[in-house]
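Topology and contacts: notes
In case you want the letters, here they are:
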Number of protein chains: 2
Amino acid sequence: MTADQRRAWAYLSRVVEPPCPPLDALVAERGPVEAAALVRRGEVPDKLRELTAARRELDCTAADLELLDRRGGRLITADDDEWPQLVFTVFGADAMRDRPRGGAPLVLWALGPGRLDDIAWRSAAIVGTRAATAYGEHVAADLATGLVEHEVAVVSGGAYGIDGAAHRAALAGAGTTVAVLAGGIDVFYPAGHSALLHRIATSGLLLTEYPPGVRPARHRFLTRNRLVAAVSGSTVVVEAGLRSGAANTAAWAAAMGRVVCAVPGPVTSGASAGCHQLLRRGAELVTRPQEIVEIVGRMGELAEDPQHPVSPLDGLTEVERTVFEALPGRGGATVEQIAVAAALPAQQILAPLTTLEIAGLIEQRDGRWRIARRAAG
Amino acid sequence: MTADQRRAWAYLSRVVEPPCPPLDALVAERGPVEAAALVRRGEVPDKLRELTAARRELDCTAADLELLDRRGGRLITADDDEWPQLVFTVFGADAMRDRPRGGAPLVLWALGPGRLDDIAWRSAAIVGTRAATAYGEHVAADLATGLVEHEVAVVSGGAYGIDGAAHRAALAGAGTTVAVLAGGIDVFYPAGHSALLHRIATSGLLLTEYPPGVRPARHRFLTRNRLVAAVSGSTVVVEAGLRSGAANTAAWAAAMGRVVCAVPGPVTSGASAGCHQLLRRGAELVTRPQEIVEIVGRMGELAEDPQHPVSPLDGLTEVERTVFEALPGRGGATVEQIAVAAALPAQQILAPLTTLEIAGLIEQRDGRWRIARRAAG
């Protein structure tokens, strides 16, 4: 990534409240540098001009990137290898486009040694109420411990209660844990979890769509929840009241076609009422970490269990998947370039390319293949 | 019922270990009096002669009936109005015939003011482990209290733990409760529940397939469980270990196409492990009595919810059901007799009779209509 591109991504990250499909479309068409210049000058379609009007003249890019560098963080975009392109195809699901704020992230701000693409292939979200009971915290910790023993990363929201218990147990088990934040990477929230979030940033991954300094807000928690669900093979609700943020994360996971799990508890406990409601609506009942590992394991072996569709890529052969993954996250590539990226002879990728095109996953223009807008989200 | 018939039924009840489909077939063909005489003389097909060889010369009929009369009890057979013919069509389900001991009961020994046919139309079984926790007993009592408030009868097995908590709460709520026994009506088991069973016999119903004096035994508990499931619109497991009698009752209910419910509990509690296993296999999760009332309510309104088939009679119109119910439990009837029983003009029942015949529920021979063997079980 050039310095220009990096500044452009940072600028674009702040100029709208994410997600913003019209901005994604512009970036996909013109690239980040040109898109940023057009937005800055207001030379964009009406709708997007409106969405960017408030912040287009605000440029904190230099300060934002300086802060990021000082903390040892990085941007992750579709231009990076670390971008989990295949996992993010979930944003192309019909149910996601029907939901407000269901768009894909454009830029992720990241801090920590964990690689997002690796993590997102073998991870589970453990989420739940801040007002957890001793039972809920015990079960969250037990599940997280078992998951990291099986090399499944534990994703959560960094909150008090269930989230905190899951993160802590994952750290104690020397596993990978990811906290997805609803504000800037420098805004540790809740304040009482500063030390915990710092530890996660040191050994796991802090992740957010929001540029530095942005404060968490109610709508940002809801938007953040979709990202928790997206980077997790399955979302497991441990304890939740009837109307809860965890239920919101579960709804995102369901819209993405991901398996939603819930842990039962005493029917006399209000903290389990949301879990029981999810279970009555079809969530998978889990009692042990192994049951979650089984579900998450299927993520990496997409074609093997047709009962759990998790992406439009289900049913692809190994070669087709390899070819798909070899396409760049943004822009197009020639057959030769794809062959190099896939480490396959060019003639062996022609049939897979055709299959992928028929499946609507990729498209060809002027001799260059690209991921179809719908598949990429 | 004539005195002869009554003696015949009592004799037939003891001469085999129920259920015994070959004996059912003989009784359906020849009537109880003749069937009893044939069995006594050994003039029956080989298979049945073998099954009745040990007890055919044993005749405790006079003593059995004297005991029954002294206690104020009664026999219930297909000859009685109280026989829940429609509910017992579950014994005709394919899955029931494939299961050992899946046959219909031939004779029921009953004690108490509750009418079995009324009860079986609006009832739920509440079953579970004898080694119940305080949580389990609390929930069992809570569910039973709510059920009887909604005039749903509470069926159970009279055992310690969950069963006892359910019976007691139903009695405390002045509702109807049924204990289905694995031994004779005069054998109160467990002994510590003598007073409880006596109270049930006074205000509800004690029910068993076994003649007086028969001791409960392991295979009789398993056989009894099928009767618990049969007379209950739904079977609700409150607490159960991984291999438990309650899971056996649930398996019977499932084979009958009845809705199996389970109450979740802490995943850390072994007493809830069987419930969680049932839930993972598709049982309905219930947390409140209202949820069970809704399911049981569907029993009386069979055609309304196609998602929960409970008998081969699903989908019949009101008139067809009335006509079906007007057929005698055993033997045939003319159109005129059925019209009288259904309180409908004879010409109005011809079309329903044809529909029922096409559905395989009834059959015609020599101008007389009868319930098809398969539908009656």
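Note that the structure is a prediction, hence the values are computed from the model and not measured.

1. A look at the overall build of chain A
- Check the secondary structure of chain A and you find 17 helices and 11 strands.
- Overall size of chain A, expressed as C-alpha extent along the three principal axes, is 65 × 45 × 35 Å.
- Expressed as a percentage of its 377 residues, the buried residues of chain A come to 58%.
- Within chain A, contacts between residues at least 6 apart in sequence are counted, and of these 74% link residues at least 24 apart.
- Of the roughly 15,200 Å² that chain A leaves accessible, carbon and sulfur atoms contribute 50%.

2. Notes on the sheet that holds strand E1 (residues 74–76) of chain A
All names here are of chain A.
- Spatially, the nine strands line up as an open sheet ordered E1-E2-E6-E5-E4-E3-E7-E8-E9, and their pairing is mixed. On the outer flanks of this sheet lie E1 and strand E9 (284–285), each paired with one strand and no other.
- As paired elements, strand E8 (residues 259–262) and E9 share two bridges and run parallel to each other. By the bridge assignment for E9, Ala 262 is matched with Leu 285.
- On the sheet, helix H9 (residues 194–203) packs against strand E2 (108–111), strand E5 (177–180) and strand E6 (205–208) and is oriented at approximately 105 degrees with respect to E6.

3. Examining the UniProt feature "domain: Smf/DprA SLOG" (unreviewed entry) in chain A
- UniProt's entry tags residues 75–295 of chain A with the feature "domain: Smf/DprA SLOG" (unreviewed entry), counted in the numbering of this structure.
- Here residues 75–295 of chain A is 38% helix and 15% strand, with 30 Å between the C-alpha atoms at its ends.

4. Considering the relation of the copies chain A and chain B
- Taken as rigid bodies, chain A and chain B are interconverted by a rotation of 179 degrees and an axial shift of 0.1 Å, the fit giving an RMSD of 0.1 Å. With respect to symmetry, the two chain copies, as superposed, fit the operation of a two-fold axis. It is Gly 265 of chain A whose C-alpha, among those of chain A, lies nearest the rotation axis, at 2.3 Å.
- Same-surface contact between copies: 100% of interface residues of chain A are shared with the interface of chain B.

5. Structural notes on unusual backbone geometry
- Look at the link from Tyr 189 of chain A to Pro 190 of chain A: it is a cis peptide, with omega at -5 degrees.
- By the element assignment, Pro 190 of chain A lies in the loop between E5 and H9.
- For the bond from Pro 18 of chain B to Pro 19 of chain B, the omega torsion is -5 degrees, close enough to zero to count as cis.
- With respect to the element layout, Pro 19 of chain B can be found in the loop between helix H1 (3–15) and helix H2 (21–41).
- Phi is positive for Ala 174 of chain A, which is not a glycine, with a value near 60 degrees.
- Topologically, Ala 174 of chain A is positioned in the loop between helix H8 (162–172) and E5.
- In this structure Ala 174 of chain A comes out as exposed when scored by relative accessible area, which is 72%.

6. Comments concerning the domain arrangement of chain A
Residues and elements named next belong to chain A.
- Partitioning chain A into domains gives domain 1 (1–59), domain 2 (94–300) and domain 3 (318–376).
- Taking only C-alpha atoms, the centre of domain 1 and the centre of domain 2 are 29 Å apart.
- With 13 residues of domain 1 in contact, the opposing surface of domain 2 contributes 16 residues.
- Summing both partners gives a buried area of about 1,100 Å² for domain 1 against domain 2, and 63% of it is carried by carbon and sulfur.
- Our enumeration of links across domain 1 and domain 2 arrives at one salt bridge.
- Put simply, Glu 17 and Arg 220 hold a salt bridge, and the shortest N to O gap is 2.8 Å.
- For the pair domain 1 and domain 2, the interface holds four residue pairs in polar contact (both at pLDDT 80 or more).
- Mapped by element, the contributors of at least two residues to the side of domain 1 that touches domain 2 are helix H1 (3–15) and helix H2 (21–41).
- Of the residues forming the side of domain 1 that touches domain 2, the biggest block, five residues, is contributed by H1.

7. Here's the deal with the interface of chain A and chain B
- Tallying the contact residues gives 16 residues for chain A and 16 residues for chain B.
- Around 1,300 Å² of area is buried between chain A and chain B when both sides are counted, 70% of it from carbon and sulfur atoms.
- Area buried by chain A at its contact with chain B is led by Val 267, Arg 280 and Leu 285 of chain A, which between them contribute 45% of it.
- There are two salt bridges connecting chain A and chain B.
- Among the salt bridges present, the one from Glu 291 of chain B reaches Arg 280 of chain A, with a minimum N-O distance of 3.3 Å.
- Broken down by secondary-structure element, the contributors of at least two residues to the side of chain A that touches chain B are helix H7 (134–149) and helix H12 (273–280) of chain A.
- Looking at the side of chain A that touches chain B, its residues break down into nine nonpolar, five polar and two charged.

8. Thoughts on the packing of aromatic side chains
Residues and elements named next belong to chain A.
- By the definition in use, this model includes six aromatic pairs over all chains.
- Each ring, one from Tyr 189 and one from Phe 221, has its centre 5.8 Å from the other, and the planes form 50 degrees; the classification is tilted. Pair noted here: Tyr 189 is in the loop between E5 and H9 and Phe 221 is in helix H10 (residues 218–230), with a separation of 32 residues, a long-range link.
- The exposure class assigned to Tyr 189 is partly exposed, which follows from its relative accessible area of 40%.
- Through successive ring pairs, a cluster of aromatic residues spans Trp 83, Phe 88 and Phe 91.
- The ring of Trp 252 carries the charged tip of Arg 99 above its face, separated from the ring centre by 4.3 Å.

Parameters at a glance
Residues numbered from 1 in each chain as written. Chains lettered and ligands numbered in written order. Predicted model: local features only at pLDDT ≥ 70, side-chain atom pairs only at ≥ 80, totals over all residues. Heavy atoms only, no water. Helix = DSSP H or I, 4+ residues; strand = E, 2+ residues; numbered from the N terminus. Buried < 20%, exposed > 50% of the residue type's maximum accessible area, 1.4 Å probe, protein only. Contact = heavy atoms within 4.5 Å. Areas by Shrake-Rupley, 256 points an atom, 1.4 Å probe, with all protein chains shown as cover. Pairing = 2+ DSSP bridges. Axes fitted to C-alpha atoms, helices over the stretch in contact; angles between N-to-C directions. UniProt positions renumbered as here; feature names shortened; annotations may be inferred. Least-squares fit on C-alpha atoms with pLDDT ≥ 70 in both. Domains from an automatic or database assignment. Buried area = accessible area lost by both parts, 1.4 Å probe. Salt bridge = Lys/Arg side-chain N within 4 Å of Asp/Glu carboxyl O. Polar contact = N/O pair within 3.5 Å; in protein donor to acceptor, adjacent residues only side chain to side chain. Nonpolar A, V, L, I, M, F, W, Y, C, P; charged D, E, K, R; others polar. Phe/Tyr/Trp six-rings, centres within 6.5 Å; stacked < 30°, edge-to-face > 60°. Lys NZ or Arg CZ within 6 Å of the ring centre and 35° of its normal.

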